Amino acid sequence: PSLAGVNTMHDVANLARTSRVDFATPGIGLAGHLAGELFKSLAKVDMQAIPFAGGGPAMTAVLSGQVKVGFMAIPASVPHIKSGRLVAIGVTSPQRLALLPEVPTVAEQGYPGFQVDNMYGILAPAGTPPEIVKKLNADIVRALHDPAVKKALEAATVEIVANTPEEFARYIAAEHTKWAQVIKASGARAD
């Protein structure tokens, strides 16, 4: 199907209700695949995941028009969005991105609960003394707020979240629950 006039996530959902819409993913069970499956469940539409052997081939498929939609990583997408080769329909983060402030979140487009993060975290072995965890957290938070570190991470399209160990543990638990439900509903399996 043509994507002319498809500018919002509602447009994508409406198109999927009337014709087949495939979406490119960097692989089965990866963030892009699960983002598409989450969208399908929230929008109550059927779309087909087309897995590729990594983000590069998935991006090439979308850029070439082989696949019309992709749930792609921001760092790889931004140059193509800025050049006009890709159109950003929505971001999966809970808030709009500073790098793409004009692009609404998927949640604000009428799909509450849609949030897909490509999170990097620092973990310590179970049983690490709490005072060591607290010191490591303080040092890491301080480093993340260093102007040079902050500038380098933002240039790499990384948004900094410097929360507490307790907040991060709650986040991990909530993500585990959410994605277990999406995986079960979609039948996704890692190959």
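Just so it is clear, the model here is predicted, and its values are computed rather than measured.

Trainee: Break down the overall build of the protein for me, with residues and values.
Mentor: When helices and strands are counted, the protein shows seven helices and three strands. In terms of overall dimensions, the protein is globule-like: its C-alpha atoms have a radius of gyration of 18 Å, near the 16 Å expected for 191 residues. Taken along the three principal axes of its C-alpha coordinates, the protein extends 55 × 35 × 30 Å. Put simply, 58% of the contacts in the protein that link residues at least 6 apart link residues at least 24 apart. Accessible surface for the protein amounts to roughly 11,300 Å². Of this, 60% is attributable to carbon and sulfur atoms. Taken as two groups, the 17 positive and 16 negative side-chain charges of the protein have centres that lie 3 Å from each other.

Trainee: Tell me about the sheet that holds strand β3 (residues 69-70), and please be specific about residues and values.
Mentor: Strand order in the open sheet made by the three strands is β2-β1-β3, with parallel pairing throughout. Every interior strand has two partners, whereas the edge strands, β2 (48-51) and β3, have only one. With four bridges connecting them, strand β1 (residues 22-25) and β2 associate as parallel partners. Bridge pairing in β2 links Thr-25 to Pro-51. With respect to the sheet, helix α2 (residues 31-43) is in contact with β1 and β2, its orientation differing from that of β1 by roughly 150°.

Trainee: Quick rundown of helix α3 (residues 55-64)? Include the residues and the values.
Mentor: Along α3, the residues classified as buried are Ala-58, Met-59, Ala-61 and Val-62. Down the axis of α3, the smallest arc covering the buried residues is 155°, so these residues share one side. Where the residues of α3 are buried, they touch β1, β3 and α4 (74-83). Of the residues trailing α3, Gly-65 is marked for its positive phi of about 85°.

Trainee: Please provide a residue-by-residue account of α2, values included.
Mentor: Taking 1.5 Å as the rise per residue, α2 with 13 residues should run 18 Å; its terminal C-alpha atoms sit 18 Å apart, in good agreement. α2 sits mainly inside the fold: 10 of its 13 residues count as buried. Of the positions making up α2, those classed as buried are Gly-32, His-33, Leu-34, Ala-35, Gly-36, Glu-37, Leu-38, Phe-39, Lys-40 and Ala-43. Buried-residue contacts for α2 involve α1 (9-18), β1, β2 and α7 (165-186). Where α2 terminates, the next one or two residues include Lys-44, which has phi positive at roughly 55°.

Trainee: Summarise the layout of surface pockets; cite the residues concerned and give the values.
Mentor: Roughly 220 Å³ of internal volume is contained in the second largest pocket. Forming the walls of the second largest pocket are Ile-74, Leu-97, Ala-98, Leu-99, Lys-150, Glu-154, Thr-157, Val-158, Glu-159 and Ile-160. Residue composition of the lining of the second largest pocket, grouped by class: six nonpolar, one polar and three charged.

Trainee: Account for the nonpolar core, naming residues and giving values.
Mentor: Core analysis: the biggest nonpolar cluster contains 26 residues, and Met-9, Phe-39, Val-45, Met-47, Phe-71, Tyr-111 and Phe-114 have the highest contact counts within it. If you list the elements that add at least two residues to this core, you get α1, α2 and α7.

Each value, and the rule that gives it
- Numbering of residues begins from 1 in every chain and follows the order in which that chain's sequence is written.
- Confidence filtering applies because this is a predicted model: local features only for residues at pLDDT of at least 70, side-chain atom pairs given and counted only at 80 or more, and all residues used for totals across whole chains, interfaces and linings.
- Neither water nor hydrogens contribute to the side-chain values; these are computed over all heavy atoms in the structure.
- We count a stretch as a helix when DSSP gives it H or I for four or more residues in a row; a strand needs E for two or more, and each element gets its number in order from the N terminus.
- Note on method: radius of gyration uses C-alpha positions; expected globular size equals 2.2 Å times residues raised to 0.38.
- What makes two residues a contact is simply this: any of their non-hydrogen atoms within 4.5 Å.
- In short, Shrake-Rupley with a 1.4 Å probe defines the accessible areas, and a residue's cover is counted only from the protein chains shown.
- Lys and Arg are tallied as positive, Asp and Glu as negative. Neither His nor the chain termini are counted.
- The atom standing in for a charge is NZ when the residue is Lys, CZ when it is Arg, CG when it is Asp and CD when it is Glu.
- A pair of strands is treated as paired once DSSP finds two or more bridges between them.
- Only C-alpha atoms enter the line fits that serve as axes; for helices the fit covers just the stretch in contact. Angles between N-to-C directions range over 0 to 180 degrees.
- Accessible area is worked out with a 1.4 Å probe on protein chains only. A residue is then buried under 20% of its type maximum, exposed over 50%, and partly exposed in between.
- Here the arc refers to the directions that run from the helix axis out to each C-beta atom.
- One less than the residue count of a helix, multiplied by 1.5 Å, gives the span that helix is expected to have.
- Of the two site types, the cavity is a set of points on a 1 Å grid over the protein atoms alone where a 1.4 Å probe fits but cannot get out, and the pocket is an open set with protein on both sides within 12 Å along at least five of seven lines, each lined by residues with an atom within 4 Å of a point.
- Grid points are joined across faces, edges and corners, and a volume is the space filled by probe spheres set on the points.
- All amino acids are sorted into three groups, where Ala, Val, Leu, Ile, Met, Phe, Trp, Tyr, Cys and Pro are nonpolar, Asp, Glu, Lys and Arg are charged, and the leftover types, Gly among them, are polar.
- Joining through side-chain atoms within 4.5 Å is the link that ties buried Ala, Val, Leu, Ile, Met, Phe, Trp, Tyr and Cys residues into a set, and such a set is a nonpolar core.

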